[in-house]
Amino acid sequence: MAEKRRKSASGVEAAALKAVARLPRYRPEEKIDSIVVNNFPALGTLTAVRFLEWVQQNPEGVISLPTGRTPEHFIREVQRLLGGWSEPAVQTELKALGLESEQKPELKRLQFVQIDEFYPVNPRHHNSFYDYVRKYYIEGFGLSMDRALLINCEEIGLPGGESLESFWAGGTVDLGLRYRPARTHREQKEQDAIRHVDQWCEDYEQRIRDRGGIGFFLGGIGPDGHIGFNVRGESHFSPTRLTPVNYETQAAAAGDLGGIEVARNRLVITIGLETITWNPNATAVIMVAGESKARIVRDAVCGETHVNVPASALRRLSGARMYLTEGAARLLDRRDILKLSEAKTLDTREIERVVLDLAFGLGKRIIDLTENDYRNDARGSLVFKSAKNAVEDLNTTVADSLKRKIEAGMTGRSNTSFLHTEPHHDDIMLGYLPNVVRNIRDHSNRHHFVTLTSGFNAVTNGYMLELARKLRVYLEQNEQRIRDMVDSGYFSDRRFRDHDVWTYLDGLAAESAEIQDEGTLRRFFRDLTEVFEELDVHEIQQRVDELINYFETQYPGKKDLPHIQSLKGMCREWESACLWGFFGWNQSAVEHLRLGFYKGETFTEEPTIERDASPVKELLSRVNPDVVTVAFDPEASGPDTHYKVMQAVSAGLRLYQKESGRSDLRVYGYRNIWYRFHPSEADVFVPVSLNMLTLQHHAFMSTYLTQKDASFPSYEHDGPFPELAQKIQVEQYEKLSTVLGREFFYEHPSPLMRATRGFVFLRDMSLDEFYAHSRELRRATEDR
């Protein structure tokens, strides 16, 4: 049964627009209606309520909902609202959100259409989208399996008696067989299978159309702008098909598939942009959270209709919408200008942002901007009017502010206790190592380094398999020596943990892979004795054999057993020990909290006070710092672990402040490869020389052994993380050298400044300022 014709207006959308006093579209720049909310959870609520409103009107309609992490809050909110529908508080909430609450939506008669799937992937594997759909939508929403169209790769194109794993050994599908003759019997079988998959896709498309097309489509948007797996450059009239994807999409999928090495070999089956828009009465909502997606959103909303902008295909639907967080909408010019015009006063950061962008856009030094430059720019004219002083004074004020930030980064602190925190084991390294090194040089300072999660998701099975095989050979060749070390207490006395590090660093200095392996394998043996609570060499050898079998037989991306997670996390902890050993720090200055919210689930749990914030408070009480550093990515703009660690640190600081009475701490916010500061957002610009860039790269590649191959890369760069960190730091230097003039650096009296070729940006905050940037945690008993 096809859904009813869409109503002319949505009560939910009308209420959301009224709440923010905005129009759905600012013509002619904006080409699709958009609604902006404050944050990621609010985005989930808006999307959930709009979906339930549509279901009220179309109880047997055809729906297509997204997979991945974007719909986390949407899924939770649908379940929460339906579960508490009759409760007075929920009824009041629904009314405020614009939803008629007399009629509780029934989801069981809806017809679900799966958007996409990797190919080939076993549908029983937990990282398949088929499994995701069954868990979160069929079971989670109570939908009917019989009324759903799903993509089960085991039922598509395989010859009789063959499994996906046996037929597509290695996971590689050669689509060239579509167009060239098969040369062997094997190729003939693969060619037949590909053509069967192609026919299945044709049939899937027709089955969707036979149902009247998709009535409610909800999707996220990828780093290249992809909708479903319709990547940049795909036809706006594309149907369901088997297709490859681009690097950005592979990189984004690497975490789910077990590494970029796997993702490069996977194709996808995806419904097309034509599939989504075939029903002219469809409601199509794209939900986007986070500042990191702001450029993609700007192109989708304001750019030309073009194959490079997949979301622009939705403009043919009158029911197409973009639901956005404030961060995601940041580059929508008309809305940003309206916000500036409504402000009674503009704060210093806003003024700096506008002046910097104006100068950089014109390729001018700030001091060379003219009154006409300001008046000819919509934002610039507002700033110039707000400043109420001569253009020369405005230019000088902003330029001098930037110079003060540079001076703050040139000088280190003295007699200061630093607590350096990071979500993962390489975040400090990739974020602000030059600042760490500058402050290490002053021996009156004290430093403590802590990683807050186990980080096991970043370690591939391939790395662990190689390490286990090396240890097996090592134990066979050195069995008596290892027994003697066990008997001497080397592996039971924790003080010898540092000896593992010093051995590894000796190997680096001597350029000896053998000595480096000695240090690494000693530590891995030590880790096994801790995890399995066993010191007998023979027993450990058996455990190593078990590990080898495990890593040889597990599919990439599978959630590991707890003891495997522990071992992978310990490998990451070993890397941190080696990095800080570079600078002379031993285990007394390096620790790992392994906060409990980090479990490797599809949706990372919210931190809680008791489980996650209390250990942070206890750490603060022990270290008694003057400066606490924290990864400062906005919500949904980096790995979700970053923001949740920031929540835990914020809550821990609140507890510590209350207990100690201290309010004088400073918090340094940093960012690394996942998101950048605008110069106006930062307060400290740390100069980075070519020497420091070299040190960064060498130290990372020499110590972060699990990350050397960039198995879980950024979509921005196909290579190791330090290469991207250097690129960002150099770009930040280029921006400052444009707006201040290169002569400021070339002719500076300080050799440090003349040697500068990059910058690290930091945000210097009071406790209250830091608290304002993190959603407050609830008690565990209040968590749903």
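Residues numbered from 1 in each chain as written. Predicted model: local features only at pLDDT ≥ 70, side-chain atom pairs only at ≥ 80, totals over all residues. Heavy atoms only, no water.

J.: Honestly, the packing of aromatic side chains in this entry has me stumped. Any pointers?
T.: Taken as a whole, this structure holds 40 aromatic pairs when the rule is applied. When the centroid spacing of 6.3 Å and the interplanar angle of 75° are considered together, the rings of Y119 and W168 count as edge-to-face. Here Y119 is found in strand β4 (residues 116–119), whereas its partner W168 is found in the loop between α6 (164–167) and α7 (185–210), with 49 residues between them in sequence. Classification of W168 by relative accessible area gives buried; the value is 3%. A ring pair is formed by Y490 and F496, whose centres lie 5.2 Å apart and whose planes are at 25°; its orientation type is stacked. Every member of this aromatic cluster is reached through a ring pair, and the members are F51, W54, F74, F112, Y132, Y136, Y137, F141, F216 and F603. (Phe/Tyr/Trp six-rings, centres within 6.5 Å; stacked < 30°, edge-to-face > 60°. Helix = DSSP H or I, 4+ residues; strand = E, 2+ residues; numbered from the N terminus. Buried < 20%, exposed > 50% of the residue type's maximum accessible area, 1.4 Å probe, protein only.)

J.: What's the story with the confidence of the model for the protein in this structure? I'm lost.
T.: Predicted coordinates in regions of low pLDDT should not be interpreted in detail. In the predicted model, the protein carries a mean pLDDT of 94, and 98% of its residues have values of at least 70. Contacts of residues 1–8 to residues separated by more than four positions or lying in other chains number 19 contacts, the stretch itself having pLDDT below 50. The low-confidence segment residues 778–784, where pLDDT is below 50, has 13 contacts with residues more than four positions distant or belonging to other chains. (pLDDT = per-residue confidence, 0-100. Contact = heavy atoms within 4.5 Å.)

J.: Explain helix α18 (residues 461–477) to me, please; I cannot follow it from the model alone.
T.: Each full turn of the α-helix corresponds to 3.6 residues, which orients residues three or four apart in the same direction. Across its 17 residues, α18 extends 24 Å between first and last C-alpha, which sits within 8% of the 24 Å expected from 1.5 Å per residue. Of all the residues in α18, the buried ones are N461, Y463, M464, L465, L467, A468, L471, Y474 and L475. If you follow the buried residues of α18, they end up packed against α19 (479–488), α21 (513–532), α22 (537–553) and α23 (562–582). (Expected span 1.5 Å × (residues − 1).)

J.: Could you clarify how one ought to interpret the pairing of strand β1 (residues 33–37) in this entry?
T.: Consecutive side chains of a regular strand alternate in pointing toward one face of the sheet and then the other. Burial analysis of β1 places five of its five residues in the buried class, which makes it a mostly covered element. Covered by surrounding structure in β1 are D33, I35 and V37 together with S34 and V36, the residues of both alternating faces. Bridging between β1 and strand β9 (residues 320–325) involves five bridges; their strand directions are parallel. Bridging across to β9, D33 finds its partner in R321. (Pairing = 2+ DSSP bridges.)

J.: What is the right way to read helix α11 (residues 294–302) from this model?
T.: Those residues of α11 lying buried are A294, I296, V297, A300 and V301. End-on, the buried residues of α11 take up no more than an arc of 155°, which puts them together on one face. Where α11 is buried, its residues meet β1, β8 (283–288) and β9. (Arc of directions from axis to C-beta.)

J.: Just checking my understanding: could you explain the pattern of salt bridges for this structure?
T.: Pairs can form between side chains of opposite charge whenever their charged atoms are close. If you walk through the whole model with that rule in mind, you get 72 salt bridges. Residues R365 and D368 are paired through a salt bridge, measuring 2.8 Å at the closest nitrogen-oxygen approach. Here R365 falls in the partly exposed class, since its relative accessible area comes to 26%. R494 is paired through a salt bridge with E530; the nearest N and O atoms lie 3.8 Å apart. Taken together, the residues span a long stretch of sequence, with R494 in the loop between α19 and α20 (497–510) and E530 in helix α21 at a distance of 36 residues. Salt bridges here are not isolated pairs; linked through shared partners, they connect E13, R25, D33, R50, E53 and R321. (Salt bridge = Lys/Arg side-chain N within 4 Å of Asp/Glu carboxyl O.)

J.: Help me understand the sheet that holds β8, please; the structure alone is not making it clear to me.
T.: Paired through backbone hydrogen bonds, the strands of a sheet run either parallel or antiparallel to each other. Taken together, six strands build an open sheet; the order of strands is β1-β9-β8-β5-β2-β3 and the sheet is parallel. Strands with a single pairing partner mark the edges of an open sheet, and in this sheet they are β1 and β3 (111–112). Contacting β1 and β9, helix α1 (residues 11–20) runs over the sheet at an angle of about 60° to β1. (Axes fitted to C-alpha atoms, helices over the stretch in contact; angles between N-to-C directions.)

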